[in-house]
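An overview of the molecular structure
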Amino acid sequence: MLRAAGNGAITFALVLIVFGSISRHFLDSSNLINIVVQSSSLAIVAVGMTCTLLTAGIDLSVGSTMFVAAAVAGKLLLDGSPASLAVVAALGVGLAFGLTNAVLVAYFSMQPFIATLATLFLGRGLALLITQTRSLNLPDGFVQFGSRRILFVPLPILAMVLAIGTIHFILSRTSLGRQIYAVGHSPSAARVAGINTRRVLASSYVICGLCAAIGGVVALSLLGTVSQTFGSQREFSAVSAAVLGGTSLFGGRGKVFPGTVIGALLIQAVENGLVLVNADPYIYPLVTAVVIFSTVLIDSLRHERFLKASRRKIRLEDVSLAS
Amino acid sequence: MQPKSDIQGAGDLQVTTFASPDSTKGESTRDQVGDSRQSAGNRISRLLFSEYLLLYLIAAYLVVMVGLIPGLLSAGNLRSVLSNLLPLLVVSIAQGFVLITAGIDLSVTAVFACSSVVGGLIMTADGGWLSHSPWSVPVGLAAMLLVGAVIGFLNGLSITLFKMPPFVVTLSTMTFFGGVAVWITRSRNIYELPRQIATIGKGSIGFVPYALLLTAMLAAIAHLVLSETVIGRWLYSVGQNSKAALISGIPVNRTIICAYVVSGVCAAVAAILLTGRLETASPIIGQRLLLDTVAAPVIGGVSLFGGRGKIRWIVFGALFVTFMDNGLNLLGLSYFVIMMAKGALVLLAALLDVRRAASTAQA
Amino acid sequence: MSHILQVEAVCKSFFNVRVLRDVSLSLERGHILGLVGENGAGKSTLMNILGGVLTPDSGSVLVEGRRLALRNPQHAAEHGIAFIHQELNLFGNLTVAENLFVPRFPRRRVLGFPVLDNKTIQQRARQLLELVGLGISTDTLVGDLSPGERQLVEIAKALNVDARILILDEPTTSLTNREAERLFSLIERLRAKDISMIYISHALADVLRLCDEICVLRDGCMVAHGPKSEFSFASMISLMTGQNLEELYPTRQSRASNEPKLEVRHLSQRGVVKDLNFRLNKGEVLGLFGLMGAGRTELARMIFGLDSHAEGDVVIDGVVAQNNTPHDRVRQRVAFVTEDRRQEGLFMEASVASNVAAVALPAYSRFGFVDQDHFAEAVTRVGRSVGLSASALLSREVRSLSGGNQQKVVLSKWFLAKPKVLILDEPTRGVDVVAKHEIYGLMNRFVSEGGALLLISSEIEELLGMCDRILVMRNGEICDHLARPEFNSERILRSAFGAGALP
């Protein structure tokens, strides 16, 4: 468990301890639930992002996907459509973005960074077109809906559990999931082994797009409004959450649960904790940056040690690789 | 002097005067087939892969647009284009240095903001640290450059010493120093900056704005460094193949750190320009430029894979992006259409890059 | 005659260099065929053809009597051929069970969705692991396994797809003695199940012990093929070296002095090299021979500062080196032509001129600015002196040059920096005969002008023809040292194989 979540878990524990001791209310159940609810949107997006990171790729367009999905859903709701239609439409948006990225990266062999950068621009433009650069404010009813609970569980958390559960299932229990890990570890070995690397890559981007769309809808239900900067910079938070959770940017390593989820919770917990201790709001980004940096630093140092240890050995007494 | 080749390649040395600019053939086994169809295809791909493609496109674009927008080429509009172009160009040059080493610098806009803010705090007449002192401007400017250098150094060090991926490192510094800028100003802009700053940003000598002079000088120096100096060659080598560079005795770590320091300093210079023009030091200055600083070099032909890129390409790319922004704006097209167009362009440029890499790749 | 596999008159060339010439062999069902030969004899190429990685230029491969054109590894696998490479193709981040099934997992449907059939996977995985004698849990991550265990997993993978023909390439290189014994008993068990194998190895004792038939490959030709009883250590070694005496080597006079330019003292790195000591004198060509995996390249990399060493010193020109980076070595006038010129020696997309410039650039600069004219002149001069034609020098892309010319570019790069010590690792690999001769001439010129040259090579003739002294490495140690009067290819091979006294 520890290994799976890696340093993120340790950092998370530290954060809980530090803030818990400074502020009386930090460890209250209501606050903890609050943290989970507030992190739901990011967690869902980050989980999708993890899939692309596992293949040693990246999807910079998730923020724009969130934006367009929320805009479309918001518009439909404002026009009186039922929530279910709005959600389906949002999924359609996610699928469209995912497929576009999939085609660019898997079939045109473009570098993921630049391909999804382009989609980011295209998407943001599209979203601004749909919203006519005006904020969409949803009727109170929907926001109420967003904070409603089913069997005491807030809806956003349900959505989060559903999305994360599905992705976790795909990654750990389906052929596609295991092949994603294989391709991320070594694309050449994957090809030699007969894996259809194109299909695997494409799938990871489609999954990411769908998650981003769902994350957008959840964020919409929490905020109740789609502003001009909706989803802006989300791609960076999503990558950070995944990396904090032990996902390697080099591919092949990382778990959605507990990993990325802990990463997202960690980011949210830090912010929440800072609010509770009445920290200067201006230092939030600084603390977040330090947390991300130090976690990745430790990860890099560990990776270096791992590389050194696996230098080819010639003279072999009966030694294990760990020495 | 020997003719320099125009076609791809990263600042190659000319060995003799026999190298013709359009020659892409060395000891290649490709035959000179006189088939007219093939040479037409060759000509088209040479056009597509030519580094002047963008200039042709800009020219074509202007020709088309001038018909739709009579004021496109007016003095006023051109001035506006120029003032938008210059800061973007400087920061794109910053990014370009890093891209050549096959890295990325997401922190350029944070450097921008931090630098602007530090300068403002030193120089402002409104309770600044050195306000009203004759030293305020030189120290302020120096401090701004120093901020860029320090952040760049931190980036470079983390990437080389700790072997962390550039994306994450510069993402962290972006978040951190962006936050620092907002923090020390409490999100407030700083006004009442000394006259000299405004002069740098807005003033001219004769018909030539100082900002343009400064940018041109910077671009010229950058070009010189990349094409004529040892460190320039090292930057390309490290980007092309860092293993081979290491074995050739090139100080890879020092070179990479250098690239990031240069990036930081250039971003600081851009901050000087923009702060001067706006006469305001702002913690959110230039924020939305970040992805443009990657888009402009890429559209211009700088490769994300590293090892390829020339200053003039970055100039063309920045020109193109700025003109497009400007023209579409004037057409009354909204911001979002412009965004989409930018996205499409980046896409095309990247596809071209992939094609170029594939066509010269080993079978 | 129940030949399960036959190879008939297969030929293969790379870049006009003939690697396999009219090679034929046959493998009987349930037999183990040992394939021996020096490095560069063509073993890998032949096996890659059988494994479907390469296609032969001419000749054919027959499996169970049927002529087959094997297009890719999957195709070969479908016909029952499994190639267990030296570099195993396993995924360290997946479990043993997952690695066994990775391209085609057994699946079942849950609510219409295809899901991994874990029960079947685990069951079958356990069966396979039992078959190969690996007593670990199926959930172990492959990354946690030792090389020996990974190899058994790879074999289990092959058995999973009902391979009838297993090709084992140097299987014992990374194994401990215990693991090797475990492998051998597995091989016996598989043989009893009528699985046929081709066993490629440098460990001649193992070959003699395990195999039913042996064949010897030399310089791309199959020079012997027969039952085990017809072979011995001595005969195998003499077949491998052969009477191949082409007058390829320019006459040379030894100019070796007694002044050491490079010295290695007690160099050690756990698991890689142990207590290495030798001297390289001015004007001398010192050869270093060893089989694949003996540690030669590792030694060179340590001398040059690319890899660290735990103990020992590198002494250059009498001064113990304090810093160990390539940058320092270049400053100390040491040059290193690596084995892998494409990845480590050249900037493939850059021009020839840029490549030649890579090392010596700072010497031709003033205040950081490159002195273009002088430099261009120097580049042309050095390029011509190594025999590059004018058109080659002008080439804008090094990747379009032939192997020989590429190697000359690498040499020019280093010569331009005027080194005192030159380390060459397999300098004539993939180089045509004419260029080879020219490179030998360059080597001689270098030492006659006072340079010191360390020549690492797998070609014994090359070493015999070019060197003043030869060191032989085995298992990370220097096990033999020959002065010119003692030069003898059989002795060298024996030391390298560790064959000891001839039976």
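Every residue gets a number counted from 1 within its own chain, in the order that chain's sequence is written. Each chain takes a letter, starting from A, and each ligand takes a number, starting from 1, following the order in which they are written. Local features in a predicted model are, by the rule used here, given only for residues with pLDDT of at least 70; side-chain atom pairs are given and counted only at 80 or more, and totals for whole chains, interfaces and linings are based on all residues.

With that out of the way, let us pick up the overall build of chain A. Secondary structure elements follow DSSP: runs of H or I no shorter than four residues count as helices, runs of E no shorter than two count as strands, and numbering proceeds from the N terminus. Each helix and strand in chain A was counted, giving 14 helices and 4 strands. Buried residues are those with 20 or more other C-beta atoms within 10 Å of their own C-beta, exposed residues have 12 or fewer, and partly exposed residues lie in between; C-beta atoms are placed from the backbone. In chain A, which comprises 323 residues, the proportion classed as buried is 55%. Any two residues are considered in contact once their C-beta atoms, placed from the backbone, lie within 7 Å. Sequence separation of at least 24 residues holds for 78% of the intrachain contacts in chain A that already meet a minimum separation of 6.

With that out of the way, let us pick up the interface of chain B and chain A. Contacts between chain B and chain A engage 35 residues on the former and 35 residues on the latter. Within the residue set of the side of chain B that touches chain A, elements represented by two or more residues are helix 6 (166-185), helix 12 (290-300) and helix 14 (335-359) of chain B. Take the side of chain B that touches chain A: its biggest share by element is 14 residues, from helix 14 of chain B. Each residue gets one label: Ala, Val, Leu, Ile, Met, Phe, Trp, Tyr, Cys and Pro are nonpolar, Asp, Glu, Lys and Arg are charged, and the others, such as Gly, are polar. The residue inventory of the side of chain B that touches chain A, partitioned by class, reads 26 nonpolar, 6 polar and 3 charged.

Glancing now at helix 13 (residues 256-276) of chain A. Residues and elements named next belong to chain A. For helix 13, which comprises 21 residues, the first-to-last C-alpha distance of 28 Å matches the rise-based estimate of 30 Å (1.5 Å per residue) to within 8%. When you tally the buried positions in helix 13, you get 17 out of 21 residues, the bulk of the element. Just downstream of helix 13, N278 is the residue with a positive phi angle, here 55°. A helix is expected to span 1.5 Å for every residue after the first.

It is worth spelling out the domain arrangement of chain C at this point. Each assigned domain of chain C is listed here: domain 1 (3-241), domain 2 (245-333 + 419-503) and domain 3 (348-418). Relative placement of domain 1 of chain C and domain 3 of chain C: their C-alpha centres are 43 Å apart. Here the limits of each domain have been adopted from an automatic or database domain assignment.

Here we come to unusual backbone geometry. The linkage connecting A:F257 with the following residue, A:P258, adopts the cis geometry, with an omega of 10°. With respect to the helices and strands, A:P258 occurs in helix 13. With phi around 50°, C:H266 is a residue other than glycine that occupies positive phi space. Its location among the elements puts C:H266 in strand 13 (residues 260-269).

Residues and elements named next belong to chain C. We treat two strands as partners when DSSP finds at least two bridges between them. The strand order across the open sheet formed by 4 strands is 14-13-16-17, and the pairing between neighbours is antiparallel. Both edges of this open sheet fall to strand 14 (273-281) and strand 17 (319-320), since each of them pairs with a single strand only. Where strand 13 meets strand 14, 6 bridges bridge the pair, whose relative direction is antiparallel. Across the sheet, residue Q269 finds its bridge partner in strand 14, namely V273.

To continue, consider the packing of helix 3 (residues 29-54) of chain A against helix 13 of chain A. Residues and elements named next belong to chain A. The angle between two axes is taken between their N-to-C directions and runs from 0 to 180 degrees, where each axis is a line fitted to C-alpha atoms and a helix contributes only its stretch in contact. Orientation of helix 3 relative to helix 13, taken along the N-to-C sense of each, is 130°, at an axis distance of 8 Å. Put simply, helix 3 runs oblique to helix 13. Relative to helix 13, the crossing made by helix 3 is right-handed. Contact with helix 3, carried on its side by N31, N34, I35, V36, Q38, S39, L42, A43, A46, V47 and T50, involves V256, T260, V261, G263, A264, L265, I267, Q268, A269 and N272 of helix 13 and no other residues of that element. When grouped by side-chain class, the residues that make up the contact of helix 3 with helix 13 number 12 nonpolar, 9 polar and no charged. The cut-offs work like this: below 35 degrees is roughly parallel, past 145 is roughly antiparallel, 65 to 115 is roughly perpendicular, and the gaps in between are oblique. Two helices that cross are described as forming a left-handed crossing if the nearer one is turned anticlockwise from the farther one by less than a right angle, and a right-handed crossing if clockwise.

Once that is clear, we can look at the confidence of the model for chain C. A score between 0 and 100, pLDDT records how confident the predictor is in each residue. Per-residue pLDDT for chain C averages 86, and the proportion of residues at 70 or more is 96%. Among the prediction metrics, the complex's ipTM stands at 0.80, with pTM recorded as 0.82.

The next subject is the pairing of strand 18 (residues 334-337) of chain C. Residue and element names in this part refer to chain C. With burial as the criterion, each face of strand 18 is covered, one bearing V334 and F336 and the other bearing A335 and V337. Pairing of strand 18 with strand 21 (residues 421-425), which is carried by 4 bridges, proceeds in the parallel orientation. Bridging across to strand 21, V337 finds its partner in L424.

Once that is clear, we can look at the sheet that holds strand 22 (residues 452-456) of chain C. Residues and elements named next belong to chain C. With respect to topology, 6 strands assemble into an open sheet ordered 18-21-22-15-23-24, the strand pairing being mixed. In this open sheet, the two edge strands, each paired with only one partner strand, are strand 18 and strand 24 (477-483). Averaged over all adjacent pairs, the angle separating strand axes in this sheet is 15°, with direction ignored. Across 4 bridges, strand 15 (residues 285-290) lies against strand 22 in parallel orientation. Note that in strand 22 the partner of L286 across the bridge is L454. Together, strand 15, strand 18, strand 21, strand 22 and strand 23 (469-474) form the strand contacts of helix 9 (residues 296-304), whose direction differs from that of strand 21 by roughly 150°. Packing of helix 16 (residues 433-448) onto the sheet brings it into contact with strand 15, strand 21 and strand 22, and relative to strand 22 it is tilted by some 145°.

Turning to the pairing of strand 23 of chain C, a few remarks are in order. As a general feature of sheets, a regular strand has side chains that alternate between the two faces. Residues and elements named next belong to chain C. With 6 of 6 residues buried, strand 23 lies mostly within the body of the structure. Alternating residues of strand 23 divide into R469, L471 and M473 and I470, V472 and R474, and every residue in both groups is buried. Across 5 bridges, strand 15 lies against strand 23 in parallel orientation. Of the residues in strand 23, the one forming a bridge with G290 is M473. Relative to strand 24, strand 23 is paired through 6 bridges, and the arrangement is antiparallel. Each residue of the ladder has a partner; that of M473, found in strand 24, is I478. Counting the residues that bridge the hairpin from strand 23 to strand 24 gives 2 residues, and of these N475 lies at a positive phi of roughly 50°.

Its 16 residues give helix 16 of chain C an end-to-end C-alpha distance of 23 Å, which sits within 8% of 22 Å, the value for a rise of 1.5 Å per residue. Close packing links the buried residues of helix 16 of chain C with strand 15, helix 15 (403-415), strand 21, strand 22 and helix 17 (460-466) of chain C.

All names here are of chain B. Between helix 8 (residues 210-228) and helix 11 (residues 252-278), the least distance of the axes is 11 Å, while the angle of their chain directions is 170°. Here helix 11 runs roughly antiparallel to helix 8, going by the angle between their axes. Of helix 11, the residues touching helix 8 (which contributes A211, L214 and L218) are C266, V269, L273 and R277.

Further remarks concern the environment of C:F415. All names here are of chain C. Looking at the secondary structure, you find F415 in helix 15. C-alpha separation for the pair F415 and A360, spaced 55 residues apart in sequence, amounts to 8.8 Å. Setting aside residues up to four positions removed in sequence, F415 forms contacts with V382 and V386.

Locating A:S294 in the fold gives a position in helix 14 (residues 284-309). Counting along the chain gives 235 residues from A:S294 to A:D59, while the straight-line C-alpha distance between them is 23 Å.

What follows concerns the confidence of the model for chain A. Mean pLDDT over chain A: 83, with 89% of residues reaching 70 or higher. Here residues 316-323 of chain A is modelled with pLDDT under 50, and outside its nearest four sequence neighbours on either side it reaches 9 contacts, counting other chains as well.

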